[in-house]
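Spelled out from the first residue to the last, the chains are:
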Amino acid sequence: MQSTPPLPLPTTHRALILETASSGLTPKTLNTPSSPPPGTALVRALASPILPYHGSIYSGQREPPITTPLASGFSFIGRIADIASDAMKLKVGELVYVDCVVRARDDPTISFLASIYDGGSEGGRELMKMWCKEGGSFAEFVSVPMENCFGVDEGRLLGSTLGSGSGLGLGYAVQDLAYMAFLLVPFGGLQDINITPGETIVVCPATGFYGSLGVQIAVCMGCRVIAMGRDETKLNKLKDDIIRIGPSASRSGSVETVIITGDIDADASALREFGTIDAVLDITPTSATGSTHTQSAIKSLRRGGRVSLMGSTAGIAVPEVMVNDIMLRGKYMYNRETVVHLIKMLERGVIPLDQGVMDTKTFTLDQWEEAMSVAAEHNGVGKCVVFTP
């Protein structure tokens, strides 16, 4: 159905390639794909976000399940340069968010995360080889599965705030839209346990990368959040950051804090001091697998409370799970519907990305070493590091 001619394309383009697991990235010139096959889009990358741990993955400091050689990257914001003729809705020239969660078309239980995780299965490894050998977002042009492209309302998100009526835009910068790639992970967990406005939710631990973003999203959704962490200074900074993001988030009592002491019952009592608790978002990193915070959070829940387990916690063995009818749900990443929902929230301004909120640092592909180093430190609420190829 697609009849719009492709955008003018160069014969070659630049990309960052990982030759071996410990080689570091190498800028290379690749042939630009042409005439996308069915089910495929060629996207011009505009803003490719860098994860805090991208540098450790591509330097060999950690051993991620990936196969090299590999075109590096993740999710990104881009513009469709060309698209297969079987496209029914997406158009050449359209601004899109391209998501990293790639699923097998004939078996959605098989998946991988673009350029960072092979999904832990033979099928995922094969798909990753197919799509990521030369197609990663740390590049000027990227060939991607069409179903991973999500159109966004460019006029609304990037348009001038000086308009009127239906033409009023939010005035965001395109590089700031890449932040949604980070928000999607905790949002997937919140949506999976049906968080609703007015509820009280514990986020634990809350001062890490994804935990802090979980606090931000929950507050923007109209929830009261109790943030758990070991470092009082970091908790206070998180609270200040959340208050900074806008009027809807700065209402009194939107964020409370509880310090993790390691005493399960004492920490549970500290949580209950804030009244009825409806849910828990647990996003424990592997480095804190044995921590007690998840047990404390579960013990603090009301009868029928819900828990989203998105991390590596081992601490769920408490009698309250049975006695209080607690629902435990493991969640890996998010669903397609979650991406669509978050885009709608961004378009309505529910989660603001304006200059008062965002602090995005941009780098060229040639600056990849500096960019990875900065991304390892510059992360959290409103912070993002991107390549602008």
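All of the points below concern the structure found in this document. All values reported here derive from a predicted model rather than from experimental measurement.

Here S75 shows up in the loop between β4 (70-71) and β5 (76-83). Note on S75: relative accessible area 0%, which makes it buried. Within polar-contact distance, the side chain of S75 engages the side chain of Y97 at 3.2 Å. Polar side-chain contacts of S75 include one of 2.9 Å to the backbone nitrogen of C100. Residues within four places of S75 in sequence aside, it is in contact with S48, P49, Y97, V98, D99, C100, S137 and A181.

Here we take up the sheet that holds strand β2 (residues 25-31). Judged by pairing direction, the sheet is antiparallel, and its three strands sit side by side in the order β2-β1-β4 without closing on themselves. Looking along the sheet, the strands with just one partner apiece sit at the ends: β2 and β4. As paired elements, strand β1 (residues 12-18) and β4 share two bridges and run antiparallel to each other. Directly across from I17, in β4, lies its bridge partner A71.

This part covers helix α7 (residues 232-244). With 13 residues, α7 should reach 18 Å at 1.5 Å per residue; the first-to-last C-alpha distance of 18 Å fits that figure. Where the residues of α7 are buried, they touch α6 (209-220), β12 (224-229) and β13 (255-259). Where α7 begins, the side chain of D231 points an oxygen toward the backbone nitrogen of T233, at a separation of 2.9 Å.

Let's shift gears to the nonpolar core. By size, the foremost hydrophobic cluster in this structure holds 91 residues, and its most contacted members are Y58, Y97, F182, I201, V215, Y334 and F387. In this structure Y58 touches L18, A21, G24, L25, L70, S72, G73, S115, I116, F138 and M372, once residues within four positions along its chain are discounted.

Throughout the structure, instances matching the rule amount to six aromatic pairs. A centroid spacing of 6.4 Å and a plane angle of 40° characterise the contact between Y97 and F150, whose relative ring orientation is tilted. Of the two residues, Y97 sits in strand β6 (residues 95-98) while F150 sits in strand β10 (residues 149-151), which places them 53 residues apart along the sequence. On the basis of relative accessible area, Y97 is assigned to the buried category, the value being 1%. Since its relative accessible area comes to 7%, F150 is described here as buried. Relative to Y210, the ring of F209 lies with its centre 4.5 Å away and its plane at 50°, an arrangement referred to as tilted. Each of the two residues, F209 as well as Y210, counts as buried. By the ring-pair criterion, three or more aromatic residues cluster together here, those being Y179, F182, F209 and Y210. Stacked on the ring of F141, the Lys or Arg R44 has its end atom at 5.4 Å from the ring centre.

For the rest of this paragraph, the subject is the pairing of strand β11 (residues 200-204). The buried fraction of β11 is high, at five of five residues. Bridge count between β11 and β12: four bridges; the pairing is parallel. Each bridged residue has a counterpart across the sheet, and for T200 the counterpart in β12 is R224. Handedness of the crossover joining β11 and β12 through α6: right-handed. By the bridge criterion, four bridges tie β11 to strand β14 (residues 279-282) in an arrangement that is parallel. Bridge pairing in β14 links I201 to A279.

Rules of the game
Residues numbered from 1 in each chain as written. Predicted model: local features only at pLDDT ≥ 70, side-chain atom pairs only at ≥ 80, totals over all residues. Heavy atoms only, no water. Helix = DSSP H or I, 4+ residues; strand = E, 2+ residues; numbered from the N terminus. Buried < 20%, exposed > 50% of the residue type's maximum accessible area, 1.4 Å probe, protein only. Polar contact = N/O pair within 3.5 Å; in protein donor to acceptor, adjacent residues only side chain to side chain. Contact = heavy atoms within 4.5 Å. Pairing = 2+ DSSP bridges. Expected span 1.5 Å × (residues − 1). Core = buried A, V, L, I, M, F, W, Y, C linked by side-chain atoms within 4.5 Å. Phe/Tyr/Trp six-rings, centres within 6.5 Å; stacked < 30°, edge-to-face > 60°. Lys NZ or Arg CZ within 6 Å of the ring centre and 35° of its normal. Right-handed = clockwise from strand over helix to strand, strands pointing away.

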